[in-house]
Amino acid sequence: MIGAAPQTPFDVVIISGESPAAAGERWEYTEDYYHQLRGQLTDEGVFCQRFRQTGLGAWPLQHAMATAMTAFPHVIAIQAAPGEILLIGSMKEQGLIGE
């Protein structure tokens, strides 16, 4: 569980989590988790959630992205290395990828 909101919100939160094999059953892939995480960030804040995605198919990533999008309007997934996925989200109006 995420702790109480900090006195000073964070610009960046990085989470190095477990594999989302059972994403629908793990706390760090729930709507409540992402909404609490959003409460920890500044209005321009960004979160990055790292997990391993090997041999699990597309469903865990699709589920994690859809759930994160209930709290963050801008969510992208980046393959950092084979089997290493970074899920990045933000509330920034201009999105995550600038011109």
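These numbers were taken from a predicted model, which means no experiment stands behind them. (Residues numbered from 1 in each chain as written. Predicted model: local features only at pLDDT ≥ 70, side-chain atom pairs only at ≥ 80, totals over all residues. Heavy atoms only, no water.)

### Considerations on the overall build of the chain
Part 1 of the reasoning: The helix and strand inventory of the chain stands at 2 helices and 4 strands.
Part 2 of the reasoning: Listed by position from the N terminus, the elements making up the chain come as β-α-β-α-β-β.
Part 3 of the reasoning: In the chain, which comprises 99 residues, the proportion classed as buried is 37%.
Part 4 of the reasoning: Contacts spanning at least 24 positions in sequence make up 61% of the contacts within the chain whose residues lie at least 6 apart.
Part 5 of the reasoning: A total of about 5900 Å² of accessible surface is found on the chain, and carbon and sulfur atoms cover 54% of it. (Helix = DSSP H or I, 4+ residues; strand = E, 2+ residues; numbered from the N terminus. Buried < 20%, exposed > 50% of the residue type's maximum accessible area, 1.4 Å probe, protein only. Contact = heavy atoms within 4.5 Å. Areas by Shrake-Rupley, 256 points an atom, 1.4 Å probe, with all protein chains shown as cover.)

### Some thoughts on helix α2 (residues 59-68)
Part 1 of the reasoning: Within the span of α2, buried status applies to P60, L61, A64, M65, T67 and A68. One face of α2 carries all of its buried residues, which in axial projection span an arc of 165 degrees.
Part 2 of the reasoning: Where the residues of α2 are buried, they touch α1 (31-39), β2 (41-52), β3 (74-81) and β4 (84-90). (Arc of directions from axis to C-beta.)

### A closer look at the pairing of β2
Part 1 of the reasoning: As paired elements, strand β1 (residues 10-16) and β2 share 6 bridges and run parallel to each other. From the neighbouring strand, I14 faces β2, where its bridge partner is C48.
Part 2 of the reasoning: Relative to β4, β2 runs antiparallel, the two sharing 7 bridges. Looking at the pairing, V46 lines up with S90 of β4. (Pairing = 2+ DSSP bridges.)

### Some words on the side chain of E84
Part 1 of the reasoning: On the secondary structure map, E84 appears in strand β4.
Part 2 of the reasoning: Note on E84: relative accessible area 16%, which makes it buried.
Part 3 of the reasoning: Each residue touching E84, except ones within four places of it in the same chain, is listed here: R50, F51, R52, I78 and Q79.

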